[in-house]
Amino acid sequence: MKIVHLDRVILMKTYQCIATSSFGLEAVVKRELIDLNFEVIETENGKITFLADAAGIARANLWLRSADRVLLKVGEFKATTFDELFDQTTVLPWSDLISKDGNFIINGKSVKSTLSSVRNVQSITEKAIIKNLQSKYRIDYFSKSGDSYPILVSILKDQVTLTLDTSGDGLHKRGYRVETVEAPMKETLAAATIMLSFWEKDRVLYDVFCGSGTIPIEAAMIGRNIAPGLNRDFTSKHWDFIGSEVWKEETKKAYLAIDHDIELNIHASDISEKNLEAAKENAIEAGVDDCINFTVSDYKDVDYQDNYAVLISNPPYGERLSEQDEVRVLYKNMGKLFKKLPTWSIYILTSYDDFEEVYGQKVSRRRKLYNGRIETWFYQYYGPRPPRNE
């Protein structure tokens, strides 16, 4: 990529980056990256490798909705001895990335590898990075008093991957959750369920078990084209090799991309008044409270008057044994009620193993997804597409 400035040409360096994801969301993250005009070069379990320049690192952090983090790959090589780990880590371009007072902290993991001691791996990696930085900064002591540079050394079957975490806090921490409820749904998963559905911004959306409002808020942010990372900080915002001007420019573009005039028809309800109050506060913080109609209501009492609507919900799972009978009755009654909505598309996320049988309808498709550490299934019941004149 070249940017021409009058009489000089500046070459923008391209980095290999990794967008990490929860199991089952790799295809969603890959599609997001492609839609953001990134070149995806590899997709594996839990990670999607793509190319990005400094501005692209900022853009990926600001815009990715279903990814967990954005990592910058510093190097990758095979190592079965600590000498190999040290030597190959030393020659990587750390001094181009980490500032003189940078607070670089090493985290490590090792799976099915000769170098199985994570503590020793971390220690050797740190010594190698210090040796590299000494060659540039000509100092013996690194104060680590400056900005944070989280480093991960990951070894899988003797293959070492060294990355810088450009995100800091996980990308699910949007910054709008000021009120929470018991067992809240991760924002990244909520966004993914919406992107896996047939919902478009011109269709009606319902969440009748909205809890703290994560699904409707994420839908409103998608509909209004609000970058999910606008209200938070990132570690790489403070890195010299990216630069504050790059972040300012990408943030400005994101603000200009917001569609303030779009009219969305999103309904969020919950039987708990406390949950609804939390959802409203979160929606206000996210800047989408005017897009969502909040109602305290049992799902049975919701006015399901629209045609060709989309319902996406994360109902109670019944994780405790004492709740199993209650949840079984809930899902059976949901099936009876939603069967009366033949034009609707219904999407339910639950960990309940016998959901399809109890619900009483054959699923169109289901996907295994993880809500935190809970293994869940996303049951997708496809309704008909709305006519063009609807």
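Enquirer: Looking at this structure, how should I read the overall build of the protein chain?
Expert: When helices and strands are counted, the protein chain shows 10 helices and 16 strands. For 390 residues, the compact-globule estimate of 2.2 N^0.38 gives 21 Å, and the protein chain sits close to it at 24 Å. By its C-alpha atoms, the protein chain is 70 × 55 × 35 Å across when sized along the principal axes. By residue count, 53% of the 390 residues in the protein chain fall in the buried class.

Enquirer: How should I be thinking about the pattern of salt bridges in this particular structure?
Expert: Charged atoms that come close allow side chains of opposite charge to pair. Following the criterion strictly, the structure yields 12 salt bridges and no others. Taking the shortest distance from any N to any O, the salt bridge between E76 and K73 comes out at 3.2 Å. Looking at K73, the relative accessible area reads 15%, which means it is buried. Residues R224 and D290 are paired through a salt bridge, measuring 3.0 Å at the closest nitrogen-oxygen approach. One end of the pair, R224, is in helix α6 (residues 214–224); the other, D290, is in the loop between α8 (273–286) and β12 (292–296), with 66 residues separating them in the sequence. The class of R224 is buried, set by a relative accessible area of 7%.

Enquirer: What should I look at first to understand the sheet that holds strand β5 (residues 47–52) in this one?
Expert: Hydrogen bonds between backbone groups are what pair the strands of a sheet, and the pairing can be parallel or antiparallel. Taken in spatial order, the seven strands make up an open sheet running β4-β5-β3-β6-β9-β8-β7, and their pairing is mixed. Looking at strand neighbours, the two that pair on one side only are β4 (39–44) and β7 (103–111), the edges of this open sheet. Averaged over all pairs of adjacent strands, the angle between their axes in this sheet comes to 30°, without regard to strand direction. Lying over the sheet, helix α2 (residues 54–63) contacts β3 (15–20), β5 and β6 (69–78), oriented at roughly 140° with respect to β5.

Enquirer: What is the right way to look at the packing of helix α1 (residues 26–35) against helix α5 (residues 187–196) in this model?
Expert: When two helices pack together, their arrangement is given by the angle between the helix axes and by the axis-to-axis distance. α5 packs onto α1 with a crossing angle of 80° between their chain directions and a minimal axis gap of 10 Å. The pairing of α1 with α5 is recorded here as roughly perpendicular in orientation. Of α5, the residues touching α1 (which contributes V28, R31 and E32) are A192, M195 and L196. Here the contact of α1 with α5 is built from residues that sort into four nonpolar, no polar and two charged.

Enquirer: Looking at this structure, I do not really get unusual backbone geometry. What am I missing?
Expert: For residues besides glycine, phi is generally negative; the peptide bonds are generally trans as well. A positive phi angle, close to 50°, is found at K112, a residue other than glycine. Here K112 is to be found in the loop between β7 and α4 (118–137). Its relative accessible area of 68% is what places K112 among the exposed residues. Not every positive phi belongs to a glycine, and K144 is a case in point at roughly 55°. Classification of K144 as partly exposed rests on a relative accessible area of 23%.

Enquirer: Would you take a moment to explain the confidence of the model for the protein chain for this structure?
Expert: Segments scoring low in pLDDT should not have their predicted coordinates read at a detailed level. Residues at a pLDDT of 70 or more form 95% of the protein chain, whose mean pLDDT is 93. In this model, residues 1–11 is a region of pLDDT below 50 whose contacts with residues beyond four sequence positions or in other chains number 12 contacts.

Enquirer: Explain the state of the cysteines here, please?
Expert: Disulfides are covalent bonds that connect the sulfur atoms of two cysteines. Counted according to the given criterion, the structure contains zero disulfides. No disulfide involves C291; its sulfur sits 15 Å from that of C210, the nearest cysteine. Since its relative accessible area comes to 5%, C291 is described here as buried.

Enquirer: When you look at α8 in this model, what are you seeing that I'm missing?
Expert: Structural remark: α-helix, 3.6 residues per turn; residues separated by three or four positions point the same way. Helix length check: α8 (14 residues) gives 20 Å between terminal C-alpha atoms against 20 Å at 1.5 Å per residue, within 8%. Within the sequence span of α8, burial applies to N275, L276, A278, A279, N282, A283 and A286. Buried residues of α8, seen end-on, are gathered within an arc of 160° and therefore sit on one face of the element. Exposed and oriented more than 90 degrees from the buried face of α8 are E273 and K274. For α8, the capping residue at the N-terminal end is S272, with a side-chain oxygen 3.3 Å from the backbone nitrogen of K274. Just downstream of α8, G287 is the residue with a positive phi angle, here 80°.

Enquirer: For this particular structure, what's the right way to read the side chain of N282?
Expert: By the secondary structure assignment, N282 is in helix α8. Given the relative accessible area of 0%, N282 is considered buried. Those residues in contact with N282 that sit more than four places away from it in its chain are Y176, R177, V178, E179, S212 and I217.

Rules used in this analysis
Residues numbered from 1 in each chain as written. Predicted model: local features only at pLDDT ≥ 70, side-chain atom pairs only at ≥ 80, totals over all residues. Heavy atoms only, no water. Helix = DSSP H or I, 4+ residues; strand = E, 2+ residues; numbered from the N terminus. Rg over C-alpha atoms; globule rule 2.2 N^0.38 Å. Buried < 20%, exposed > 50% of the residue type's maximum accessible area, 1.4 Å probe, protein only. Salt bridge = Lys/Arg side-chain N within 4 Å of Asp/Glu carboxyl O. Pairing = 2+ DSSP bridges. Axes fitted to C-alpha atoms, helices over the stretch in contact; angles between N-to-C directions. Contact = heavy atoms within 4.5 Å. Parallel < 35°, antiparallel > 145°, perpendicular 65-115°, else oblique. Nonpolar A, V, L, I, M, F, W, Y, C, P; charged D, E, K, R; others polar. pLDDT = per-residue confidence, 0-100. Disulfide = S-S within 2.5 Å. Expected span 1.5 Å × (residues − 1). Arc of directions from axis to C-beta. Polar contact = N/O pair within 3.5 Å; in protein donor to acceptor, adjacent residues only side chain to side chain.

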